[in-house]
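Chain by chain, the residues run as shown.
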Amino acid sequence: MVAVASLVYADTPRVVPTIVDSIPHEQNHFTQGLFFDGKELIESTGHYGESGIYRRTLNGKILDSLRLAERYFGEGSVAVGDDIFYLTWKSKKAFVVNRKPFSMKGEFRIPTEGWGLTYWRDALLMSNGSSELLQIGLGGFSVVGAIAVRDNGREVPQLNELEVVRDTLYANIWTTGLIAVVELPSGRVLKYLDFTEKAMEINRRFPKADVLNGIAFDGRDFWITGKNWPWIYRVRF
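Residues numbered from 1 in each chain as written. Predicted model: local features only at pLDDT ≥ 70, side-chain atom pairs only at ≥ 80, totals over all residues. Heavy atoms only, no water.

**As for the overall build of the chain**
Looking only at helices and strands, the chain has one helix and 23 strands in total. On C-alpha atoms alone, the chain measures out to a radius of gyration of 16 Å, which is about the 18 Å that the 2.2 N^0.38 rule sets for 237 residues. Seen along its three principal axes, the alpha-carbon backbone of the chain occupies a region of about 45 × 40 × 30 Å. When burial is assessed residue by residue, the chain has 58% of its 237 residues classed as buried. Once local pairs closer than 6 in sequence are excluded, the contacts in the chain between residues at least 24 apart make up 48%. Put simply, the chain shows about 10300 Å² of open surface, and 49% of that area lies on carbon and sulfur atoms. Distance between charge centroids for the chain: 2 Å, based on 28 positive and 28 negative side chains. (Helix = DSSP H or I, 4+ residues; strand = E, 2+ residues; numbered from the N terminus. Rg over C-alpha atoms; globule rule 2.2 N^0.38 Å. Buried < 20%, exposed > 50% of the residue type's maximum accessible area, 1.4 Å probe, protein only. Contact = heavy atoms within 4.5 Å. Areas by Shrake-Rupley, 256 points an atom, 1.4 Å probe, with all protein chains shown as cover. Lys, Arg positive; Asp, Glu negative; His and termini not counted. Charge placed at Lys NZ, Arg CZ, Asp CG, Glu CD.)

Have a look at this one:
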């Protein structure tokens with residue numbers, strides 16, 4: 001895990017979430033997107049030849065799944081209405097998946113790499129590894145706006161997996177144990193959730209575990225995991 005000093009500034013608060021529970025997580029799942037659909041978790045995963053989307057219970061039972069073709073590296077996902085939108089990394093393509101049961105419905109072009117995805121104010125909100133979030137309209141899937149994420153006026157790059165709760169965005173910062181808490185629509189970072197210590201512990205204990213990536217909100221609590229992590233943690237802060 002890389003140093004985070006260049007991304008975090010001394011006068012921006014950091015909060016260490018309190019872990020209140022944990023559930024098993026498939027260690028072969030390279031987590032790219034995570035969100036709740038009722039009481040069930042939907043997770044999208046990455047890697048060429050291994051990318052897919054899964055509906056699972058909190059005790060780990062897989063209820064439904066759909067795999068992408070081997071040429072696609074899956075990324076973030078979000079449900080809107082009857083559809084799930086599922087990004088790819090470098091193919092400049094996103095897929096439209098029927099929400100329940102999973103089945104492929106269509107696809108559309110995205111203008112950059114796809115990283116994280118959520119939904120806010122009638123548009124998809126997409127990260128691409130930069131400090132800028134693209135707003136993509138559902139009508140023609142064109143870019144209708146952008147939000148620049150700043151901490152005290154400085155760019156916060158490498159924004160990855162996203163979750164919106166009302167007008168607050170929670171964004172993983174790739175290669176760090178941090179989640180930026182961002183005011184919308186201003187893009188101002190309010191604070192950071194600091195999961196660094198737990199992420200480092202997992203990396204020490206499980207050599208195949210990768211970085212923190214996965215934020216879901218169940219209406220009360222947040223659930224946090226990482227790529228190839230053995231657990232998903234329910235946290236409060």
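From this point, the narrative continues.
**Here's the deal with the confidence of the model for the chain**
Averaged over every residue, the pLDDT of the chain is 94; the share at 70 or more is 96%. Below a pLDDT of 50 lies the segment residues 1-6, which in the model reaches 12 contacts outside its immediate sequence neighbourhood of four places, other chains included. (pLDDT = per-residue confidence, 0-100.)

**What about the environment of V143?**
Following the sequence through the fold, V143 ends up in strand 14 (residues 143-148). Taking the relative accessible area as the measure of exposure, V143 reaches 42% and is therefore partly exposed. Along the backbone, V143 and R154 are 11 residues apart, and their C-alpha atoms lie at a distance of 24 Å. Apart from the residues within four sequence positions on either side, V143 is in contact with P111, L134, Q135 and I136.

**Concerning the packing of aromatic side chains**
Using the criterion set out here, one finds 18 aromatic pairs in the structure. Ring centres of W115 and W174 lie 5.5 Å apart, and the angle between their planes is 85 degrees; this geometry places the pair in the edge-to-face category. Here W115, found in the loop between strand 10 (104-109) and strand 11 (117-120), pairs with W174, found in the loop between strand 18 (168-173) and strand 19 (178-183); they are 59 residues apart in sequence, far enough to count as distant. Here W115 falls in the buried class, since its relative accessible area comes to 11%. (Phe/Tyr/Trp six-rings, centres within 6.5 Å; stacked < 30°, edge-to-face > 60°.)

**A few points about the environment of L34**
Positionally, L34 belongs in strand 3 (residues 31-37). Taking the C-alpha atoms as reference, L34 lies 21 Å from E132; in sequence the two are 98 residues apart. Excluding anything up to four places from it in sequence, L34 contacts L41, I42, E43, E161, E163, G214, I215, A216, W223, T225 and I232.

**Structural notes on the sheet that holds strand 5 (residues 52-56)**
Taken together, the four strands give an open sheet; going across it, the order is 3-4-5-6, and neighbouring strands pair in antiparallel fashion. Edge strands, defined here as strands with exactly one partner in the open sheet, are strand 3 and strand 6 (62-67). Going across the sheet, the axis of each strand differs from the next one's by a mean of 15 degrees, ignoring polarity. Here strand 3 pairs with strand 4 (residues 40-45) via six bridges, running antiparallel. When the bridges of strand 4 are listed, D37 appears paired with E40. (Pairing = 2+ DSSP bridges. Axes fitted to C-alpha atoms, helices over the stretch in contact; angles between N-to-C directions.)

**Digging into the sheet that holds strand 2 (residues 18-24)**
Pairing within the open sheet is antiparallel, and its four strands lie in the order 2-23-22-21. In the strand order of this sheet, the two ends are held by strand 2 and strand 21 (212-217), each with one partner. Geometrically, the sheet is characterised by an average inter-axis angle of 25 degrees between neighbouring strands, direction not taken into account. Summarising the sheet, strand 21 and strand 22 (residues 222-226) pair through four bridges and their orientation is antiparallel. Bridge pairing in strand 22 places F217 opposite F222.

**Thoughts on the pattern of salt bridges**
Tallied over the entire structure, the rule returns 16 salt bridges. R55 serves as the salt-bridge partner of D37, at 3.0 Å between the closest nitrogen and oxygen. In this pair, D37 sits in strand 3 while R55 sits in strand 5, placing the two residues 18 residues apart along the sequence. No difference in accessibility class separates D37 from R55, as the two residues are buried. Here D221 and R236 are joined by a salt bridge, their closest N and O atoms 2.8 Å apart. Here the residue D221 occupies a position in the loop between strand 21 and strand 22, and R236 occupies one in strand 23 (residues 231-236), the gap between them amounting to 15 residues. Each member of the salt-bridge network shares a partner with another, and the members are D37, E40, R55, R99 and K100. (Salt bridge = Lys/Arg side-chain N within 4 Å of Asp/Glu carboxyl O.)

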